[in-house]
Amino acid sequence: MTDAIAHTGMPSRPELVAMAIGRLDTAGIRSQMLELDGATLRDLCIRLVDRAVSVAMAHDWLNKELGGDEENQVVDDNAVYRFSKHFRRLYDQVRSEVARSVMRSKVLGADDATIRNMTRAAQHMLIEAATERMLDRDVEEIDPKELNTLALVVRRAQATQVAQDALEISKREAEQRAEKLATEIERLKLDLDQRRRAIESAKKIVETKADATDGRMTKADILDVLDKAMKGEM
C-alpha cells in the first residue's frame, strides 16, 4: 500500500480495479478472461464491480466487444460468471485493505470529533460491504447465520451511535455547567475584591476621623462609616 494512497484518501473505482487486476497473476485464478487484452479486461472488471451493471449485462458487452452477437457467443457466459465471482472477491479484498490504510493514516492526526465521524463511516462501510456480498447471491444461497450476523452488526452500530450521541450531549451539558460555574466564580471574586476595597477605604476613613477627634469616635460612628463604605457611598 503506497503512502500516497494512505494520505490522499480512497482511490477511485478504476484505480481499485487496476490494483485488483495487478493481483490476478498471484491469486491463482484460472480463467479465459485473463487472455483478454489489458484495456478490455480493465473495462470488463470495472463493469463487474459496478452495482448498476449485472453480470449478464457485462457478458453481453464483452461478447459484442469481441465481435459476437446474440446468436454467436464468442465467450461463454458461464466463464464470465465464474470470473466475476473470483474478481469481486479480490476487489473487495483490495478495497478493504486500502480503506484500513486510509483509516489508520487519518486516525494518526485526527481529533476526537473526526475519529467519531470516521467510526460512523467505518460502521456504514462494514454494513454496506456485508449487504453487497449478499446481494451478489441468490436468496437460497444466503446462509441465515450471515443474516443474523448482519442484523447484529446493525444493532451494535445503532447502539454505538446512541451511546455516542448521549456522550456528546453529556459532554456539552458538562461544558455548559463548567462555563456557568466559572462565570459565577469570577463574579464572586469581583464582589470580594469590591468588598475588600470598601473595607480598606472604611478603615482609612475611621483612622482619619479617629485622629481628628483624638480617638473619641463612638461605635455608632464606626458602624456608620462601614455601612456607607460597603454601599459605595463614600
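Residues numbered from 1 in each chain as written. Predicted model: local features only at pLDDT ≥ 70, side-chain atom pairs only at ≥ 80, totals over all residues. Heavy atoms only, no water.

Engineer: Talk me through the packing of helix α2 (residues 13-21) against helix α3 (residues 38-48); I want residue IDs and the actual numbers.
Structural biologist: Their axes nearest at 10 Å, the elements α2 and α3 cross at an angle of 115 degrees. Along this stretch, α2 crosses α3, giving a crossing that reads as right-handed. Two secondary-structure elements touch here, α2 through Arg13, Pro14, Val17 and Ile21 and α3 through Leu41, Arg42, Cys45 and Ile46. Looking at the contact of α2 with α3 residue by residue, the class counts come to six nonpolar, no polar and two charged. (Axes fitted to C-alpha atoms, helices over the stretch in contact; angles between N-to-C directions. Helix = DSSP H or I, 4+ residues; strand = E, 2+ residues; numbered from the N terminus. Left-handed = near helix turned anticlockwise from the far one by under 90°. Contact = heavy atoms within 4.5 Å. Nonpolar A, V, L, I, M, F, W, Y, C, P; charged D, E, K, R; others polar.)

Engineer: Any chance you could break down the side chain of threonine 40 for me, citing the residues and the numbers?
Structural biologist: Tracing the backbone shows threonine 40 in helix α3. By relative accessible area, which is 9% here, threonine 40 ends up buried. Ignoring anything within four residues of it in the chain, the contact list for threonine 40 reads Trp61, Leu62 and Glu65. (Buried < 20%, exposed > 50% of the residue type's maximum accessible area, 1.4 Å probe, protein only.)

Engineer: Break down the packing of α3 against helix α4 (residues 55-65) for me, citing the residues and quoting the values.
Structural biologist: Each pair of packed helices can be described by the angle between their axes along with the distance between the axes. Contact geometry of α3 with α4 gives a least axis separation of 10 Å together with a crossing angle of 165 degrees. As the angle between them shows, α3 and α4 are arranged roughly antiparallel. Where α3 crosses over α4, the two elements pack in a sense that is right-handed. Here α3 contributes Thr40, Asp43, Leu44, Arg47 and Leu48 to the contact with α4, which in turn contributes Ala58, Trp61, Leu62 and Glu65. Tallied by class, residues from the contact of α3 with α4 come to five nonpolar, one polar and three charged. (Parallel < 35°, antiparallel > 145°, perpendicular 65-115°, else oblique.)

Engineer: Summarise α2; cite the residues concerned and give the values.
Structural biologist: Along an α-helix, residues three or four apart share an orientation, since each turn contains 3.6 residues. Within α2, burial applies to Leu16, Val17, Ala20 and Ile21. Buried positions in α2, seen along its axis, are confined to an arc of 140 degrees and lie on one side of it. (Arc of directions from axis to C-beta.)

Engineer: Which residues make up α3, and what are the values?
Structural biologist: Those residues of α3 that sit buried are Thr40, Leu41, Leu44, Cys45 and Leu48. Looking down the long axis of α3, one finds its buried residues gathered within 130 degrees of arc, a one-sided arrangement. The backbone nitrogen of alanine 39 lies 3.2 Å from a side-chain oxygen of the residue at the head of α3, namely aspartate 37. (Polar contact = N/O pair within 3.5 Å; in protein donor to acceptor, adjacent residues only side chain to side chain.)

Engineer: Tell me about the packing of aromatic side chains, and please be specific about residues and values.
Structural biologist: For the coordinates displayed, the defined rule picks out one aromatic pair. Consider the rings of phenylalanine 83 and phenylalanine 87, whose centres lie 5.9 Å apart with planes at 20 degrees: the pair is stacked. In this pair, phenylalanine 83 and phenylalanine 87 both sit in helix α5 (residues 77-108), four residues apart, roughly one turn of the helix. Sitting over the ring of tryptophan 61, arginine 47 keeps its end group 4.0 Å from the ring centre. (Phe/Tyr/Trp six-rings, centres within 6.5 Å; stacked < 30°, edge-to-face > 60°. Lys NZ or Arg CZ within 6 Å of the ring centre and 35° of its normal.)

Engineer: Could you give me a rundown of the confidence of the model for the protein chain, with the residues and numbers involved?
Structural biologist: Predicted coordinates in areas of low pLDDT are best not read in detail. The pLDDT averaged across the protein chain works out to 76; a share of 65% of its residues lies at or above 70. Here helix α1 (residues 3-8) is the element of the protein chain with the lowest mean pLDDT, 43, and α3 is the one with the highest, 94. Long-range and interchain partners of residues 1-8, a stretch whose pLDDT sits below 50, account for twelve contacts in this model, where long-range means more than four residues apart. (pLDDT = per-residue confidence, 0-100.)

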